[in-house]
Amino acid sequence: MLKLKRANIQIHALILGLSLLSSNIFAQIEKIETDRPGQTNTPSTAPNKWLQSEIGFQKQTYRFQPVLKDVYFQQPSLLAKYGLGNKFEVRLITELAYVKEENVTVNTIYKGTNNAQIGAKFNFLKQKGFIPKTAIIAHYRFNTLNTNPIGKDSINGTNFRFAMLHTISDDFSLGYNLGMDWERFGSTPVYLYTFSPRFSFSEDWVVFIELFGFIEKNRKPKTSADLGISYWLNDNFKIDASGGTRINKDIRIKFYSVGASFRFKTSKNN
């Protein structure tokens, strides 16, 4: 019994020591900001010489007819960022995918990697009055590296977006993105947009609602809505959950996601 009490005291002392040490090391760094959950990316970049990972698991259900349904899983998706200076980061996106097509007579399953992208984010504008904090994000998409048959292509693609954030108060902010996506070079571009009010009801809890969509020439706009919540375990670790649905009635889509994001410094030097 005495040994058990001593072990508990030692564990508590170790946790307290690590907490004090981390607070001293990371005191000058703002809380981690992420591009998840939701579709609205933040204009904030990873701090200089910090590696940040944003990991998510997502399920999407596409129902085309009462008897025809696709179930799509990301298991998981990974966005890795590395800060170079105070306004620039390099980015890598990878994803493992599982797709199940269901109908009356047969179920077909596809597995493999999907959505491999490399890119960068440049935070070039600070908020000033009505001018929002703004960054540009661009990626090169490697469709040729996909092993999922649905996503595999012989031609690669690209995309970019402007990520903007307007902080109204300590408890309320507006995030919005505008961009273009070429699924493969030479294809018709898809225009994307997002709009997301964000509410903080404590230092560690944030909720958001979001509208986002895609517009393509000669096709009906695709609009979706979702909501979610984020919680900061500490300044360098964040968890989240979200869910939503397609507003258009032609295809019924529902999606759910959970994830975690964390970061650590890779160098002792600034």
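Only a predicted model underlies this, so the values are computations on that prediction, with no experimental measurement involved. (Residues numbered from 1 in each chain as written. Predicted model: local features only at pLDDT ≥ 70, side-chain atom pairs only at ≥ 80, totals over all residues. Heavy atoms only, no water.)

**Topic: the layout of surface pockets**
Put simply, the test is: Using protein atoms alone on a 1 Å grid, points that fit a 1.4 Å probe yet trap it form a cavity, whereas open point sets bounded by protein on both sides within 12 Å along at least five of seven lines form a pocket; residues with an atom within 4 Å of a point count as lining. Grid points are joined across faces, edges and corners, and a volume is the space filled by probe spheres set on the points. Helix and strand definitions here come from DSSP, where helices need a minimum of 4 consecutive H or I residues and strands a minimum of 2 consecutive E residues; each element is numbered from the N-terminal end. Just so you know the grouping, Ala, Val, Leu, Ile, Met, Phe, Trp, Tyr, Cys and Pro go in nonpolar, Asp, Glu, Lys and Arg go in charged, and all remaining residues, Gly too, go in polar.
Volume-wise, the second largest pocket comes out at about 1200 Å³. Counting only elements with at least two residues in the lining of the second largest pocket, the list comes to β1 (50-65), β4 (107-125), β6 (157-167), β7 (172-182), β8 (190-200) and β12 (252-265). Top contributing element to the lining of the second largest pocket by residue count: β4, with three residues. Residue classes in the lining of the second largest pocket are distributed as twelve nonpolar, 14 polar and 14 charged.

**Description of the confidence of the model for the chain**
Under the convention used in this document: The predictor's confidence in any single residue is recorded as pLDDT, a number from 0 to 100. Here, two residues are considered to be in contact whenever any of their heavy atoms come within 4.5 Å of each other.
Of all residues in the chain, 86% attain a pLDDT of 70 or more, and the chain-wide mean is 86. Per-element mean pLDDT across the chain ranges from 42 in helix α1 (residues 2-25) up to 98 in strand β5 (residues 133-141). The low-confidence segment residues 1-27 (pLDDT under 50) makes two contacts with residues lying over four places distant or belonging to another chain.

**Focus: the environment of F195**
Note the cut-off: Residue burial is assigned from relative accessible area. The probe radius is 1.4 Å, only protein chains are included, and a residue is buried under 20% of its type maximum, exposed over 50%, and partly exposed in between.
As for its position among the elements, F195 is in strand β8. Using a relative accessible area of 39% as the deciding quantity, one classes F195 as partly exposed. C-alpha separation for the pair F195 and F212, spaced 17 residues apart in sequence, amounts to 6.3 Å. If we skip the residues at most four places from it in the chain, F195 touches T40, L174, G175, Y176, I209, E210 and L211.

**Notes on a nonpolar patch on the surface**
The test is simple: In this scheme, patches are assembled from residues that exceed 30% relative accessible area and form no salt bridge. Like charges are connected within 9 Å, while nonpolar side chains (Val, Leu, Ile, Met, Phe, Trp, Tyr) are connected within 5 Å. Throughout, the Shrake-Rupley method with a 1.4 Å probe supplies accessible areas, and for residues the shown protein chains are the sole cover considered. In what follows, salt bridge is the name for a side-chain nitrogen of Lys or Arg lying within 4 Å of a carboxyl oxygen of Asp or Glu.
On the surface, L84, F88, V90, F122, F124, L125, I131 and F162 cluster together into a nonpolar patch covering about 620 Å² of accessible area. Looking at the nonpolar patch, the elements with two or more residues in it are β3 (88-102) and β4. If one sorts the elements of the nonpolar patch by residue count, β4 sits on top with three residues. Along the chain, the position of I131 falls in the loop between β4 and β5. We classify I131 as partly exposed; its relative accessible area is 42%.

**Digging into the pattern of salt bridges**
A pair can form between side chains of opposite charge whenever their charged atoms are brought close. Scanning all chains against the criterion turns up twelve salt bridges. Put simply, R91 and D35 hold a salt bridge, and the shortest N to O gap is 2.9 Å. You can see R91 sitting in strand β3 and its partner D35 sitting in the loop between α1 and β1, a full 56 residues away along the chain. Of the two residues examined, R91 and D35, each falls in the buried class.

**Brief notes about the pairing of strand β10 (residues 222-234)**
Operational definition: The pairing criterion is simple: DSSP has to find at least two bridges between the two strands.
As judged from the ten bridges shared by strand β9 (residues 205-216) and β10, these two strands associate in the antiparallel manner. Paired with W205 across the two strands is Y231, which belongs to β10. Linkage of β9 to β10, two consecutive antiparallel strands, is achieved through a turn of five residues, within which N218 is found at a positive phi near 65°.

**Details of empty space enclosed by the protein**
In the structure shown here, the tally under the stated rule is one cavity of 30 Å³ or more. Taken as a whole, the largest cavity spans an internal volume of roughly 270 Å³. Forming the boundary of the largest cavity are 23 residues, of which T34, P37, T40, S196 and R198 lie nearest the centre. For the lining of the largest cavity, the secondary-structure elements that each account for two or more residues are β6, β7, β8, β9 and β10. Considering every element that reaches the lining of the largest cavity, the biggest residue donor is β9, with four residues. Residue composition of the lining of the largest cavity, grouped by class: nine nonpolar, eight polar and six charged.

**Here we look at the environment of N236**
Test applied: N or O atoms closer than or at 3.5 Å make up a polar contact, with two conditions inside protein: a donor-capable atom paired with an acceptor-capable one, and, for residues adjacent in sequence, both atoms drawn from side chains.
Along the chain, N236 turns up in the loop between β10 and β11 (237-246). Note: C-alpha distance between N236 and S261 (25 residues apart in sequence) is 8.0 Å. Of note is the side chain of N236, whose polar atom sits 2.7 Å from the side chain of R263.

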